[in-house]
Amino acid sequence: MARFDPYENNGGTCVAVAGADYCVVAADTRLSVGYSILSRDHSKIAQLADKCVLASSGFQGDIKALQKNLAAKELIYEHNHNKKMSCPAMAQLLSNTLYYKRFFPYYAFNVLGGLDSEGKGCVFTYDAVGSYERTGYSAQGTGSTLMMPVLDNQLKSPSPLLLPARDAVTPLSESEAVDLVKDVFASATERDIYTGDRLEIVVINSSGTHREYIELRKD
């Protein structure tokens, strides 16, 4: 007997890297189910505020519902406070939104990247029920287990147990961080069948946000 299952993993991988005055958020554009590719050009990245970008992997139905929910709450915040929401405030809102649905969760694994109120890069990484942490870099999705060891090796985030606390931002320049992201995606695409087609890179800095695309393998 067929069992009803409300969830499906549509694959894909998201990465974010924070620097001293920038943040790089990247995700592939493949949307698939099992061995079928449904779209080769589906963006997993949503701009939530001026200096705040969300990249999500998981079930695309839940991801779209989550993005709409956050966009509506951000608009209400903007009308109430007459200003855009900051990235750390959006991080807390996303955590609350995910936790509120903890008994029937959004099947979405999120990385939030942007600039904080001091202009420093910030990355927040989440599980499906809202537990989150501010880090210097993170990966989520089907290729994350292939990417995180490379990012750990190249970026070496300081231990949170060190006193006094060290800054988690990465020592790389903006262009070096973009090159590193391109390299980890090129490697993961070789091994993960759910990651590929095209890489969308969003760079957030003091002058705003800009996007670039590179081709990944199509098979």
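Owing to the predicted nature of the structure, the values given are computational and were not obtained by experimental measurement.

A.B. asks: Just to check I follow, could you spell out the overall build of the protein for this structure?
C.D. replies: Along its length, the protein carries four helices and twelve strands. Computed over C-alpha atoms, the radius of gyration of the protein comes to 17 Å, within 12% of the 17 Å expected from 2.2 N^0.38 for 219 residues, which places it in the range of a compact globule. By principal-axis analysis of the C-alpha atoms, the protein measures approximately 55 × 40 × 35 Å. Out of the 219 residues belonging to the protein, those deemed buried represent 46%. Across the protein, contacts joining residues at least 24 apart in sequence account for 63% of those joining residues at least 6 apart. Working note: accessible area of the protein is about 11,000 Å², and carbon and sulfur atoms make up 54% of it. Charge separation in the protein, taken as the distance between the mean sites of 22 positive and 26 negative side-chain charges, equals 4 Å.

A.B. asks: So what exactly am I meant to see when it comes to the pairing of strand E4 (residues 36-39) here?
C.D. replies: Here is the key point about a regular strand: its side chains alternate between the two faces of the sheet. Bridge analysis of strand E3 (residues 31-33) against E4 gives three bridges, and the strand direction is antiparallel. Note that in E4 the partner of Val-33 across the bridge is Ser-36. Between the antiparallel neighbours E3 and E4 lie two residues, among them Gly-34 with a positive phi of about 60°.

A.B. asks: I keep staring at the pairing of strand E10 (residues 137-141) and nothing clicks. Help me out?
C.D. replies: Extensive coverage of E10 is indicated by the burial of four of its five residues. Here strand E1 (residues 13-18) pairs with E10 via five bridges, running antiparallel. By the bridge assignment, Val-17 is partnered in E10 with Tyr-137.

A.B. asks: Can you walk me through helix H2 (residues 87-100) in this structure?
C.D. replies: In an α-helix, one turn spans 3.6 residues; hence positions three or four apart end up facing the same way. With 14 residues, H2 extends 20 Å between its outermost C-alpha atoms, agreeing within 8% with the 20 Å of an ideal straight helix rising 1.5 Å per residue. Considered for burial, the residues of H2 that qualify are Cys-87, Met-90, Ala-91, Leu-93, Leu-94, Ser-95, Thr-97 and Leu-98. Where H2 is buried, its residues contact strand E5 (45-49), strand E6 (52-58), helix H1 (60-81), strand E7 (108-115), strand E8 (121-126) and strand E9 (132-135). Its side-chain oxygen placed 3.3 Å from the backbone nitrogen of Ala-89, Ser-86 serves as the N-cap of H2.

A.B. asks: Whenever I open this one, unusual backbone geometry confuses me. Can you help?
C.D. replies: Where the residue is not glycine, phi is negative for most of them; where a peptide bond is considered, it is trans in most cases. Of note, the phi angle at Asn-82 is positive, near 60°, even though the residue is not glycine. Owing to a relative accessible area of 71%, Asn-82 belongs among the exposed residues under this scheme. Residues other than glycine seldom take positive phi values, yet Asp-197 does so here, at roughly 75°. Secondary-structure assignment places Asp-197 in the loop between helix H4 (174-191) and strand E11 (198-205).

A.B. asks: Just checking my understanding: could you explain the environment of Cys-23 for this structure?
C.D. replies: Mapped onto the fold, Cys-23 is located in strand E2 (residues 22-28). Contact partners of Cys-23, with chain neighbours within four places excluded, come to Val-17, Ala-18, Gly-113, Gly-114, Leu-115, Cys-122, Val-123, Val-202, Val-203 and Ile-204.

A.B. asks: What's the story with the packing of aromatic side chains in this structure? I'm lost.
C.D. replies: Working definition: an aromatic ring pair is given by the centre-to-centre distance plus the angle between the planes. For the structure on display, the rule yields five aromatic pairs. Taken together, a centroid distance of 5.5 Å and an interplanar angle of 80° make the contact between Tyr-107 and Phe-109 edge-to-face. Tyr-107 sits in the partly exposed class, given a relative accessible area of 25%. Look at Phe-109 and you get partly exposed, because its relative accessible area is 24%. Here the aromatic cluster, defined as three or more aromatic residues joined through ring pairs, consists of Tyr-7, Phe-104, Tyr-107 and Phe-109. It is Lys-101 that lies over the ring of Phe-104; its NZ or CZ is 4.9 Å from the centre. Taking the ring centre of Tyr-106 as reference, the NZ or CZ of Lys-101 above it sits at 4.9 Å.

A.B. asks: How should the nonpolar core be read in this particular structure?
C.D. replies: Proteins that are soluble and globular tend to have nonpolar side chains buried together. The biggest cluster of nonpolar side chains holds 21 residues, and the ones touching the most others in it are Val-15, Val-24, Leu-151 and Phe-185. Secondary structure elements with two or more residues in this core: E1, E2, E10, helix H3 (144-155), H4 and E11. Counting residues per element, this core draws most heavily on H4, which supplies seven residues. Discounting residues that sit within four places of it in the chain, Phe-185 has contacts with Thr-13, Val-15, Ala-26, Ala-27, Asp-28, Met-147, Thr-195, Leu-199 and Leu-216. Leu-48, Ala-91, Leu-93 and Leu-98 belong to the second largest nonpolar core, which has 20 residues in total.

Calculation criteria
Residues numbered from 1 in each chain as written. Predicted model: local features only at pLDDT ≥ 70, side-chain atom pairs only at ≥ 80, totals over all residues. Heavy atoms only, no water. Helix = DSSP H or I, 4+ residues; strand = E, 2+ residues; numbered from the N terminus. Rg over C-alpha atoms; globule rule 2.2 N^0.38 Å. Buried < 20%, exposed > 50% of the residue type's maximum accessible area, 1.4 Å probe, protein only. Contact = heavy atoms within 4.5 Å. Areas by Shrake-Rupley, 256 points an atom, 1.4 Å probe, with all protein chains shown as cover. Lys, Arg positive; Asp, Glu negative; His and termini not counted. Charge placed at Lys NZ, Arg CZ, Asp CG, Glu CD. Pairing = 2+ DSSP bridges. Expected span 1.5 Å × (residues − 1). Polar contact = N/O pair within 3.5 Å; in protein donor to acceptor, adjacent residues only side chain to side chain. Phe/Tyr/Trp six-rings, centres within 6.5 Å; stacked < 30°, edge-to-face > 60°. Lys NZ or Arg CZ within 6 Å of the ring centre and 35° of its normal. Core = buried A, V, L, I, M, F, W, Y, C linked by side-chain atoms within 4.5 Å.

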